[in-house]
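What the coordinates show
Each chain, written out:
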Amino acid sequence: MLQTVTKNYSFEDYLNYRDHTDLKYELFNGELVPMPPASGLHAEILRFIYNILNAEIQRLQLECVAWPGNVGVRTGIKQSRIPDILVINQEQRQLLRTLSSAILEEPPLLAVEIVSPGNPEEDYRYKRSEYAALGIPEYWIIDPQELKISILTLVDGFYDVVEFRGEDAIAFPTFPELKLTVAQIFNV
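Calculation notes
Residues numbered from 1 in each chain as written. Predicted model: local features only at pLDDT ≥ 70, side-chain atom pairs only at ≥ 80, totals over all residues. Heavy atoms only, no water. Helix = DSSP H or I, 4+ residues; strand = E, 2+ residues; numbered from the N terminus. Rg over C-alpha atoms; globule rule 2.2 N^0.38 Å. Lys, Arg positive; Asp, Glu negative; His and termini not counted. Charge placed at Lys NZ, Arg CZ, Asp CG, Glu CD. Buried < 20%, exposed > 50% of the residue type's maximum accessible area, 1.4 Å probe, protein only. Pairing = 2+ DSSP bridges. Right-handed = clockwise from strand over helix to strand, strands pointing away. Phe/Tyr/Trp six-rings, centres within 6.5 Å; stacked < 30°, edge-to-face > 60°. Lys NZ or Arg CZ within 6 Å of the ring centre and 35° of its normal.

**Quick look at the overall build of the chain**
Tallying secondary structure elements over the chain gives five helices and 11 strands in all. At 17 Å, the chain has a C-alpha radius of gyration in line with the 16 Å of a compact globule built from 188 residues. Overall, the C-alpha framework of the chain stretches about 55 × 40 × 35 Å when taken along its three principal axes. Side-chain charges in the chain split into 16 positive and 27 negative, and the spacing between the mean points of these groups amounts to 2 Å.

Now the structure itself:
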């Protein structure tokens, strides 16, 4: 019987890993997890939310920036995630310019994940635990399969969650003046 050996990567190995492809990888418990290309709907929702957040940040002249899914966040000793969207402060933005790998070790202000078909437990369970442990104050889960948006707010190390559906007006703690319904997001 042939046995496949999976390499157990350290965080340093992960930072230096290059396979000369366009694939992005997350690190979960020492294993490289390839991130498949997004579906068209996933990409469209990402673009919509990213543009809305940037417009709101500019309108309010906030000292932060929205960043699309190409910046990682270290969530453990052998763990790193690449959220679909991050909102980071200006210090983190400046730090990213100096790093050889765009991976933050301090919590961003906000992480947004768009649930992919086939692995909702990634966003609802694993990333939720990792993001809470890291201390990310706000985490949005946008679920096109269930047509709901969950807004999670960190309270005493755990996330409180409020779910929105249909024509519900979403309450965004970090952006309280932002006016969006669930339907607007899923009908992009």
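**A look at the pairing of strand E9 (residues 138-143)**
Burial analysis of E9 places six of its six residues in the buried class, which makes it a mostly covered element. Pairing geometry for strand E8 (residues 110-114) and E9, over five bridges, is parallel. Across the sheet, residue Leu 110 finds its bridge partner in E9, namely Glu 138. With helix H4 (residues 120-134) bridging E8 and its parallel neighbour E9, the resulting β-α-β unit is right-handed. One ladder, built from six bridges, connects E9 with strand E10 (residues 148-155); its direction is antiparallel. Bridged to Trp 140 within E10 is Ile 151. Counting the residues that bridge the hairpin from E9 to E10 gives four residues, and of these Leu 147 lies at a positive phi of roughly 55°.

**Notes on the packing of aromatic side chains**
Aromatic ring pairs are reported here in terms of the distance separating the ring centres and the angle at which the planes meet. Applying the stated rule across the entire model yields seven aromatic pairs. Between Tyr 131 and Tyr 139, the aromatic rings sit 4.9 Å apart at their centres with planes inclined by 80°, giving edge-to-face as the arrangement. Exposure remark for Tyr 131: the relative accessible area of 0% places this residue in the buried category. Its guanidinium or amino end placed over the ring of Tyr 9, Lys 7 lies 5.0 Å from that ring's centre, counting from NZ or CZ. Taking NZ or CZ as reference, Arg 74 lies 3.8 Å from the ring centre of Phe 11, over its face.

**Structural notes on unusual backbone geometry**
The bulk of non-glycine residues show a negative phi, and the bulk of peptide bonds are trans. One non-glycine residue with positive phi stands out, namely Leu 147, at about 55°. Within the secondary structure, Leu 147 sits in the loop between E9 and E10. Taking the relative accessible area as the measure of exposure, Leu 147 reaches 48% and is therefore partly exposed. If you check the backbone angles, Asp 156 has positive phi at about 50° while not being a glycine. With respect to the helices and strands, the residue Asp 156 is situated in the loop between E10 and strand E11 (158-165). Residue classification places Asp 156 among the exposed residues on the basis of a relative accessible area of 73%.

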